[in-house]
4 protein chains.
Amino acid sequence: MAGAEEVQSKSGVKMRVWEILDVAKPGDTLSKAFDIFILSLIFLNVVAVILGSVKEIEDRFAPGFYWFEVFSVVVFSIEYLGRVWSCVSRKEYSNPVTGRLSFISKPLSVIDLLAVLPFYLSFVGADLRFIRALRLFRIFRIAKLGRYSASVRLLGRVIKNKKEELVITVMVMVLLVVLASSFMYMAENEAQPDKFPDIPTAMWWSIVTLTTVGYGDVFPVTMLGKFFAGLIAILGIGMFALPTGIIGASFVEEIHRHKSGNMVCPHCGKEIG
Amino acid sequence: MAGAEEVQSKSGVKMRVWEILDVAKPGDTLSKAFDIFILSLIFLNVVAVILGSVKEIEDRFAPGFYWFEVFSVVVFSIEYLGRVWSCVSRKEYSNPVTGRLSFISKPLSVIDLLAVLPFYLSFVGADLRFIRALRLFRIFRIAKLGRYSASVRLLGRVIKNKKEELVITVMVMVLLVVLASSFMYMAENEAQPDKFPDIPTAMWWSIVTLTTVGYGDVFPVTMLGKFFAGLIAILGIGMFALPTGIIGASFVEEIHRHKSGNMVCPHCGKEIG
Amino acid sequence: MAGAEEVQSKSGVKMRVWEILDVAKPGDTLSKAFDIFILSLIFLNVVAVILGSVKEIEDRFAPGFYWFEVFSVVVFSIEYLGRVWSCVSRKEYSNPVTGRLSFISKPLSVIDLLAVLPFYLSFVGADLRFIRALRLFRIFRIAKLGRYSASVRLLGRVIKNKKEELVITVMVMVLLVVLASSFMYMAENEAQPDKFPDIPTAMWWSIVTLTTVGYGDVFPVTMLGKFFAGLIAILGIGMFALPTGIIGASFVEEIHRHKSGNMVCPHCGKEIG
Amino acid sequence: MAGAEEVQSKSGVKMRVWEILDVAKPGDTLSKAFDIFILSLIFLNVVAVILGSVKEIEDRFAPGFYWFEVFSVVVFSIEYLGRVWSCVSRKEYSNPVTGRLSFISKPLSVIDLLAVLPFYLSFVGADLRFIRALRLFRIFRIAKLGRYSASVRLLGRVIKNKKEELVITVMVMVLLVVLASSFMYMAENEAQPDKFPDIPTAMWWSIVTLTTVGYGDVFPVTMLGKFFAGLIAILGIGMFALPTGIIGASFVEEIHRHKSGNMVCPHCGKEIG
């Protein structure tokens, strides 16, 4: 009986741990406080990665950056292990083995793991360059925000809603880039063999032009090239601006729905999902 | 009794002064004339700041600019003091002390104060650079237009209506800039240590690219950098164009509402949706 | 009686001349033929101005260009005089003097006059530069298309419909340019005195940036300048893209109305203008 | 009788061949497999053209590219001949001569022919440059995708729906480019005779500016030129962005129609406008 109680209390602890680690329910101050702590830590980590890239700052505060990193990894590791340990208190992950495995393979859990893994790997890897790259991967800790941010979730929903449209426009964009690059390669290869040596390199020109960024590092110099470029710009820019229009419309729609509640059927007066 | 009458007449004067200083009610020609006078003075001040920055013009008409500045500050100071003195004639600021303080702390009053303060401060400050900066702050007298301009008020309403959407897009934009800068720093730091020395500097590239301005002072030269840049441009530009779409939609909506109320069928006189 | 008949026949001739010169009514083949002739002549004139600017072509075909110009001016002059002579056959210009004057002062008539005037003036003017400028003014013969082009008329209607919105955005754009230029002058004047010598010159940077053209001839180099520029770009580009959105929406609307006939009131079923 | 049977069986074969070559109907696995085979071949051809333009890759895998090309041409030729042979099994092309001619002159058939013709022509042509150009024309095999791609068909429908609007905007765009180029030629010809030697060359500047690409290879340097350029940019960019808005709106509309038919209220089952 004592064992059963113990099990129950242990499962009660797990449930509480889960609640604290998860996004806070209204009124749960402890969980709320923990959320704010983790959010601040993520924010400070991003700031640390940004500032740590500045040589003078890194040189001056190297130990500070190091111990802050150790502290962050410890906290994020405990958070991750805590989640894996306590997830079985949720019905969907109740099985200690398969439930946990299915929890671990969730995108948000993978992000949590990736947020700490580079630190541990840096002790394994021997190559300095590799370690340096790993350090920069810390910027992806920003992805942990996904759990808390309503904006990111909204954006995800918006993109999902218009998946079909976006896939079509992306396909058209790829076609356009391929055709534009081939044309410009044809027209400019002889005049500027260093700028348009082959079609893959010409794609850089295509993307810079079709997005209207236009750095000016590559541009046509022949009459034919300028003619093609003008035509491509006029016809193609519209295609590249389409995703913006589509996402924008869906965005406004989605927030509108969120704000104003649901539509009402004019025939029977009931709400429609 | 004479005292009471005096008080009353004094309060009548205050009310009239307030009316004249405030945006004119239809039919109040004196107040209208004063509005036009102040508007012209603001406009001329902006012109003076712009032209005064041209060395040849400044050198030639220095005394003219100086006396126009003195005249403007005197007028704006009198206007400001007049408003503070007469505001007690309004119910909401009726208390001579607390009412006045609450009036002084209104945004438009602060702007009125900031429009004249630099002039007086320039006598205090000893540093020449400081005085020069103060002189340029005169350009903010343009903000005094806010009181008169329906366009600025409309724009303010438009931005307020879509606050939620704008906050979300700004957050996504910040995330994007941080991620794009980190990626490009990773890819280009070795090849162009002067252009991408650290992440904060790389942010300049991110903003110039994501807004599609593309000056061409910074651009990737490595294969990896170009690949990242292309991807970032294609995916990110849409996010940076979102606010435009959102504000544009709200703008058209707001003016529509302003203009038409609801439409009325000219045949039966009933309102239509 | 013969006089009256003569008058009548003369007025009949005028009416016919007017019909021929004016845009053709359906079925009037002579007038239609004349329209096509004039349209072709305008088109060829534009082509002639464009090609005539190319030195080699001008040198080789100078006499051809000259006689084509003489021919065009003769035709356009006859057309203009014919319109002025025959306009009295229209009720609104029936008075030979005041009617004609009011016809002459119509925008389209002014354009017709400006299309030929430079040629005659070139005999008067002594200055070679002046004559050269006059020659280029022939490009404005393109404006004569306005009489025939439904697209230009549609565009005019579209802009008129959204006048209020466009005026507001233009005012906001002017404010933005003034503020952006003042800020950048403040930030960059010392570091780049040749690029940002005064506020009017800095306006070139503002416009090139806010329209996202970004040639790269002027850009900030100081930290403060880059910070301001980034902020201005992010906040301002939206304002500069607004007119596009507004005109675009009105455009689609206007064509929709044109295509689909009129709206029907849901209460009484009658059409609404 | 045996002859009639033979004819019938031959016509049955033709019908089956047609079905296999054409886009597969649901459930027809053989036809589906053939579609996937052709699609993959088109895709690989595009990849081959792109990679084949890179000198190192071409040099190393020249024989591979050559035999892949031969294989592709054989397959596409058989496909083309098979279509021409079997098209008579369709009612609309039932006549062996006129039916086949009308089939051959369909756009998609012309594309199929153009996809293989360059290969055969390369044996005829003697000029090496001509052969090189022909090789690049292989990129147009991408157009064969048109038969299979729903995205391309959708895009075609979208453009067709808004033909009227697009024709109008293209006309306005041409007018704008002509006027902008003439103005800039006037303003900048003297200061930069190499950049603005004539109006046709100035058109390159106009297009690069009005599309907001802004490479920075050509830009005004005179005061007047900058003033014109600023005005042209502010007024013209809107016109150049119109097609995007128009196509975008039509795009969203068309997909919406495709997806939802009319909405149905889930409570009462009636359609909602």
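Residues numbered from 1 in each chain as written. Chains lettered and ligands numbered in written order. Predicted model: local features only at pLDDT ≥ 70, side-chain atom pairs only at ≥ 80, totals over all residues. Heavy atoms only, no water.

A.B. asks: How do you make sense of the overall build of chain A when you look at a structure like this?
C.D. replies: Secondary structure summary: chain A contains 10 helices and 2 strands in total. Counting from the amino terminus, chain A carries its helices and strands in the arrangement α-α-α-α-α-α-α-α-α-α-β-β. Burial statistics for chain A: of 273 residues in total, 45% are counted as buried. Put simply, 62% of the contacts in chain A that link residues at least 6 apart link residues at least 24 apart. When the accessible area of chain A is evaluated, it comes to approximately 14200 Å², of which 70% is carbon and sulfur surface. (Helix = DSSP H or I, 4+ residues; strand = E, 2+ residues; numbered from the N terminus. Buried < 20%, exposed > 50% of the residue type's maximum accessible area, 1.4 Å probe, protein only. Contact = heavy atoms within 4.5 Å. Areas by Shrake-Rupley, 256 points an atom, 1.4 Å probe, with all protein chains shown as cover.)

A.B. asks: Can you help me understand the side chain of T211(D) in this one?
C.D. replies: Note that T211(D) resides in the loop between α9 (199–210) and α10 (223–260). Of note is the side chain of T211(D), whose polar atom sits 2.7 Å from the backbone oxygen of I207(D). (Polar contact = N/O pair within 3.5 Å; in protein donor to acceptor, adjacent residues only side chain to side chain.)

A.B. asks: Any chance you could explain α9(D) here in plain terms?
C.D. replies: Structural remark: α-helix, 3.6 residues per turn; residues separated by three or four positions point the same way. Residue and element names in this part refer to chain D. For α9, with 12 residues, the first-to-last C-alpha span of 16 Å sits near the 16 Å given by 1.5 Å per residue. Across the 12 residues of α9, 10 count as buried, placing the element largely inside the fold. Listing the buried residues of α9 in full gives I199, T201, A202, W204, W205, S206, I207, V208, T209 and L210. Taken from the residues just after α9, T212 is the one with a positive phi, measuring 65°. (Expected span 1.5 Å × (residues − 1).)

A.B. asks: Mind showing me how you'd approach the pattern of salt bridges here?
C.D. replies: For side chains bearing opposite charge, pairing can occur when the charged atoms are close. Tallying each qualifying case throughout the model produces 47 salt bridges over all chains. Where D28(A) meets R16(A), a salt bridge forms, and the shortest distance between an N and an O atom there is 3.1 Å. Here R16(A) lies in helix α1 (residues 2–21) and D28(A) lies in the loop between α1 and α2 (29–52), a separation of 12 residues in the sequence. The buried category is assigned to D28(A), whose relative accessible area is 16%. As a salt-bridge pair, K55(C) and D59(C) come within 3.0 Å of each other at their nearest N and O atoms. Separated by 4 residues within a single helix, K55(C) and D59(C) lie in helix α3 (residues 55–86), roughly one turn from each other. Exposure remark for D59(C): the relative accessible area of 51% places this residue in the exposed category. (Salt bridge = Lys/Arg side-chain N within 4 Å of Asp/Glu carboxyl O.)

A.B. asks: Looking at this structure, I do not really get a nonpolar patch on the surface. What am I missing?
C.D. replies: Residue and element names in this part refer to chain C. A grouping of Y66, W67, V110, L113, L114, L117, L121, F123, V124 and F130 is seen on the molecular surface, where their side chains present a nonpolar patch of about 980 Å² in accessible area. Looking at the nonpolar patch, the elements that each hand over two or more residues are α3 and α5 (107–124). With 7 residues, the top contributor of residues to the nonpolar patch is α5. You can see L117 is positioned in helix α5. (Patch = residues over 30% accessible without salt bridge, like charges linked within 9 Å, V, L, I, M, F, W, Y side chains within 5 Å.)

A.B. asks: Can you walk me through the packing of aromatic side chains in this structure?
C.D. replies: To describe a pair of aromatic rings, you give the distance between the ring centres and the angle between the ring planes. Counted by the stated rule, this structure contains 42 aromatic pairs over all chains. Summarising the aromatic geometry, the rings of F227(B) and F228(B) are spaced 6.4 Å apart at their centres and angled 45° between planes, so their arrangement reads as tilted. Aromatic side chains Y93(C) and F103(C) sit 5.3 Å apart centroid to centroid with 70° between the ring planes, which places their arrangement in the edge-to-face category. A residue pair is termed long-range when its members are at least 10 positions apart, and Y93(C) in the loop between α3 and α4 (98–104) and F103(C) in helix α4 qualify at 10 residues. When sorted by exposure, Y93(C) lands in the same class as F103(C), which is buried. (Phe/Tyr/Trp six-rings, centres within 6.5 Å; stacked < 30°, edge-to-face > 60°.)

A.B. asks: Before we go on, may I ask you to explain unusual backbone geometry in this structure?
C.D. replies: Trans is the prevailing form of peptide bonds, just as negative phi is the prevailing case for residues other than glycine. The phi dihedral of T212(A) falls on the positive side, at around 65°, and the residue is not glycine. For T212(A), the location among the structural elements is in the loop between α9 (199–210) and α10 (223–260).

A.B. asks: Quick question: what am I supposed to make of the packing of helix α7 (residues 150–161) of chain D against helix α8 (residues 163–188) of chain D here?
C.D. replies: Residues and elements named next belong to chain D. Here α7 crosses α8 at 70°, and the two axes come no closer than 5 Å. Relative to α8, the element α7 is oriented roughly perpendicular. Along the contact surface, α7 presents I159, K160 and N161, while α8 presents K163, E165 and L166. Across the contact of α7 with α8, the residue classes tally to 2 nonpolar, 1 polar and 3 charged. (Axes fitted to C-alpha atoms, helices over the stretch in contact; angles between N-to-C directions. Parallel < 35°, antiparallel > 145°, perpendicular 65-115°, else oblique. Nonpolar A, V, L, I, M, F, W, Y, C, P; charged D, E, K, R; others polar.)

A.B. asks: How do you make sense of the environment of K14(C) when you look at a structure like this?
C.D. replies: Residue and element names in this part refer to chain C. Take K14: it is sitting in helix α1 (residues 2–21). According to the relative accessible area criterion, K14 is buried, its value standing at 17%. C-alpha of K14 to C-alpha of G82: the two residues are 68 residues apart in sequence and 8.7 Å apart in space. Not counting chain neighbours up to four residues away, the residues in contact with K14 comprise W85, S86, V88, S89 and R100.

A.B. asks: Explain the environment of S250(B) here, please?
C.D. replies: All names here are of chain B. Summarising the element assignment, S250 is placed in helix α10 (residues 223–260). Its relative accessible area of 0% is what places S250 among the buried residues. When the C-alpha atoms of S250 and S31 are compared, they prove to be 33 Å apart, with 219 residues separating the residues in sequence. Among all residues touching S250, those that are not within four sequence positions of it are V158, N161 and K162.

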